[in-house]
Amino acid sequence: MYTVQMEHECGCFKKSEYKSEKSFDNQKDAYQYSNILVELMSEEFCNKHLFFVQKANDNEFLIRVVDNPNAGSACSSGGCGTGSSGSCGC
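Residues numbered from 1 in each chain as written. Predicted model: local features only at pLDDT ≥ 70, side-chain atom pairs only at ≥ 80, totals over all residues. Heavy atoms only, no water.

A cluster of acidic side chains, namely E17, E39, E43 and E44, defines a negative patch on the protein surface. Along the chain, the position of E43 falls in helix 2 (residues 27–44). Take E43: its relative accessible area is 56%, and that puts it in the exposed class. (Patch = residues over 30% accessible without salt bridge, like charges linked within 9 Å, V, L, I, M, F, W, Y side chains within 5 Å. Areas by Shrake-Rupley, 256 points an atom, 1.4 Å probe, with all protein chains shown as cover. Salt bridge = Lys/Arg side-chain N within 4 Å of Asp/Glu carboxyl O. Lys, Arg positive; Asp, Glu negative; His and termini not counted. Charge placed at Lys NZ, Arg CZ, Asp CG, Glu CD. Helix = DSSP H or I, 4+ residues; strand = E, 2+ residues; numbered from the N terminus. Buried < 20%, exposed > 50% of the residue type's maximum accessible area, 1.4 Å probe, protein only.)

Structure, rendered in structure tokens:
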């Protein structure tokens, strides 16, 4: 069994349809899923964070989350769809 797991759930992730952990029968499927998920989150989320895949051990892929140094005020634009504050809750 192979697992893909989020390191940290930012506000955008919590509001998304994605699960913080998912299991697969083989390594190839887990690896492909983790890379697709990173690409989707990078395209769909507010860009305050960067996402990348790291193999944590023999049967686990960890999706790492780091602050995006080029984000500027992307969250304050209200593009995250979170009420009047404009904060994405990241």
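Additional details are given in the paragraphs that follow.
Turning to the side chain of N68, a few remarks are in order. Within the element layout of this structure, N68 appears in the segment after strand 4 (60–67). The residues touching N68, leaving out its near neighbours within four places in the chain, are N47, K48, H49 and L50. (Contact = heavy atoms within 4.5 Å.)

Before going further, it helps to spend a moment on the state of the cysteines. Tallying each qualifying case throughout the model produces zero disulfides. Of the cysteine sulfurs around C12, a residue in no disulfide, the closest is that of C46, at 3.7 Å. (Disulfide = S-S within 2.5 Å.)

The subject of this paragraph is a nonpolar patch on the surface. Together, L50, F52 and V66 make up a nonpolar patch on the protein surface, roughly 210 Å² of accessible area in all. Locating L50 in the fold gives a position in strand 3 (residues 49–57).

Helical periodicity: at 3.6 residues per turn, an α-helix aligns residues three or four positions apart in one direction. Given a rise of 1.5 Å per residue, 18 residues ought to cover 26 Å, and the 26 Å separating the end C-alpha atoms of helix 2 matches this to within 8%. Along helix 2, the residues classified as buried are A30, S34, L37, V38 and M41. Down the axis of helix 2, the smallest arc covering the buried residues is 100 degrees, so these residues share one side. Opposite the buried face of helix 2, at more than 90 degrees from it, the exposed residues are K28 and E43. Looking at the buried side of helix 2, the elements it contacts are strand 1 (2–6), helix 1 (11–15), strand 2 (21–24), strand 3 and strand 4. Between the side-chain oxygen at the start of helix 2 and the backbone nitrogen of K28 there is a gap of 3.3 Å, and the oxygen is on N26. (Expected span 1.5 Å × (residues − 1). Arc of directions from axis to C-beta. Polar contact = N/O pair within 3.5 Å; in protein donor to acceptor, adjacent residues only side chain to side chain.)

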